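# Structural overview for review
One letter stands for each residue in the lines below.
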Amino acid sequence: MAFKSFYTKVKDENNTGFGSNSSYNAGRFINKDGVANVKKTGIGFLRRYSLYHTMLSLPRWKFLFSIFSFFVIINLVFATVYYLIGIDELHGISAGSPFFNFAEAFFFSSQTFTTVGYGRISPSSFLTSTIAAMEALTGLLSFAVVTGLFYGRFSRPRTFLRFSHNMVIGPYKDITGLMFRMVPYKNNQLTEVETKLTLAMELEENGSLVNKFYTLDLEISKLNSLTLSWTIVHPINEVSPLYNLSREDLENIKIEFIAYVKAFDEAFSNTVISRTSYTGQEILFGAKFTMMYEADRKGKSTVLYLDRLNETEKAPIAARVSAEYKTEMSG
């Protein structure tokens, strides 16, 4: 393949934070959601994971479900304790079926846990009063923690960027370019936006497979402000590690493009970061992205269509692409 002799002409980077020996890692380096594809082991589970960071990074529905599950489970535990002590120790509960008695204990527990205390049911012994006091304290501490988690999720600055699902290789000026697209989907204002694109490639060197990393040159790597979609372009010219690589090369060798975006959020007055990655199988050949925005009917503002982020169309092959590459791309 052409890349075996060509990659030595391009300067590679060794300070990416990923290992250079290919036999010690597997799969992609960065998942599509920007999280490193690494599983940690060797120490205990509780020491290996930060509950705070986990709760902040959970999807919204999982976060709310976790809070709801915690509330139900802890009240089931205290309700069981009250039930085992005896329903007669809770004043205001009239004897009924076991299910009815347990349900009443559960509702008393939830009222105590939230410190609502309607007053219909109350502890009538020293033991139940002690348990109720402990539950009230647990409820206060739990709500303080949950309030902090809600605030942390609400106040955590994020880029609110979406990346195109695929990269494309298509015409760029009079040559060919590798492109992907991003768009801000919230009403936040991002300034001083900077993008870096790193190529990770598995190559054979001295009879063994090694990981090589290359920082790819971009047409534009910095923007003063990002309000519309932004198509990132890497020109495939003589100094590009992708020069003369065929479609088969990119699909068959282990290759990954790691995109890193850093910006300044004006509302939070803080730096925000996003990342994603693309493999060789996530590249569309002979294509280009369609326009995502246009003027409105009155011609007074610009309409940005977020649902067009992944839309592409076929594009003619640039005249300067080699015949072999042109055949691969058109295929």
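Residues numbered from 1 in each chain as written. Predicted model: local features only at pLDDT ≥ 70, side-chain atom pairs only at ≥ 80, totals over all residues. Heavy atoms only, no water.

## What about the environment of D265?
- Note on placement: D265 falls in strand β10 (residues 255–265).
- A C-alpha to C-alpha distance of 7.4 Å links D265 and T159, two positions 106 residues apart in sequence.
- Setting aside its immediate chain neighbours within four residues, D265 contacts R158, N188, Q189, L190, N270 and V272.
- One polar contact links the side chain of D265 to the main-chain amide nitrogen of F268, over a distance of 3.1 Å. (Helix = DSSP H or I, 4+ residues; strand = E, 2+ residues; numbered from the N terminus. Contact = heavy atoms within 4.5 Å. Polar contact = N/O pair within 3.5 Å; in protein donor to acceptor, adjacent residues only side chain to side chain.)

## Regarding the packing of helix α4 (residues 60–85) against helix α5 (residues 98–113)
- Between α4 and α5, whose axes approach to 8 Å, the crossing angle comes to 120 degrees. In terms of axis orientation, α4 runs oblique to α5. Regarding α4 and α5, the two cross each other, and that crossing is right-handed. Contact residues: F70, F71, V72, I74, N75, L76, F78, A79, T80, Y82 and Y83 in α4; P98, N101, F102, A105, F106, F108, S109, S110 and F113 in α5. (Axes fitted to C-alpha atoms, helices over the stretch in contact; angles between N-to-C directions. Parallel < 35°, antiparallel > 145°, perpendicular 65-115°, else oblique. Left-handed = near helix turned anticlockwise from the far one by under 90°.)

## Looking at α4
- Compared with an ideal rise of 1.5 Å per residue, which puts 26 residues at 38 Å, α4 spans 38 Å between its outermost C-alpha atoms and is within 8% of the ideal.
- Among the residues of α4, those classed as buried are F63, S69, I74, N75, F78, A79 and Y82.
- Where the residues of α4 are buried, they touch α3 (51–57), β1 (90–91), α5 and α6 (126–155).
- Count one or two residues on from α4 and you reach G86, which has phi positive near 130 degrees. (Expected span 1.5 Å × (residues − 1). Buried < 20%, exposed > 50% of the residue type's maximum accessible area, 1.4 Å probe, protein only.)

## Side note on the pairing of strand β4 (residues 167–172)
- Among the six residues in β4, five count as buried, and that is most of the element.
- Looking at chain direction, β4 and strand β12 (residues 283–285) are connected through three bridges and run parallel. When the sheet's bridge partners are listed, I169 is paired in β12 with F285.
- The sheet contact formed by β4 and strand β5 (residues 175–184) spans five bridges and is antiparallel. Counted as the bridge partner of V168 is M179 from β5.
- Once β4 ends, the chain turns through two residues before running back antiparallel as β5, passing K173 with a positive phi of about 55 degrees. (Pairing = 2+ DSSP bridges.)

## A closer look at a positive patch on the surface
- A grouping of R60, R156, R158, R162 and K186 is seen on the molecular surface, where their side chains present a positively charged patch.
- Its place among the elements puts R158 in the loop between α6 and β3 (161–163).
- Relative accessible area serves as the criterion here: at 36%, R158 is assigned to the partly exposed category. (Patch = residues over 30% accessible without salt bridge, like charges linked within 9 Å, V, L, I, M, F, W, Y side chains within 5 Å. Areas by Shrake-Rupley, 256 points an atom, 1.4 Å probe, with all protein chains shown as cover. Salt bridge = Lys/Arg side-chain N within 4 Å of Asp/Glu carboxyl O. Lys, Arg positive; Asp, Glu negative; His and termini not counted. Charge placed at Lys NZ, Arg CZ, Asp CG, Glu CD.)

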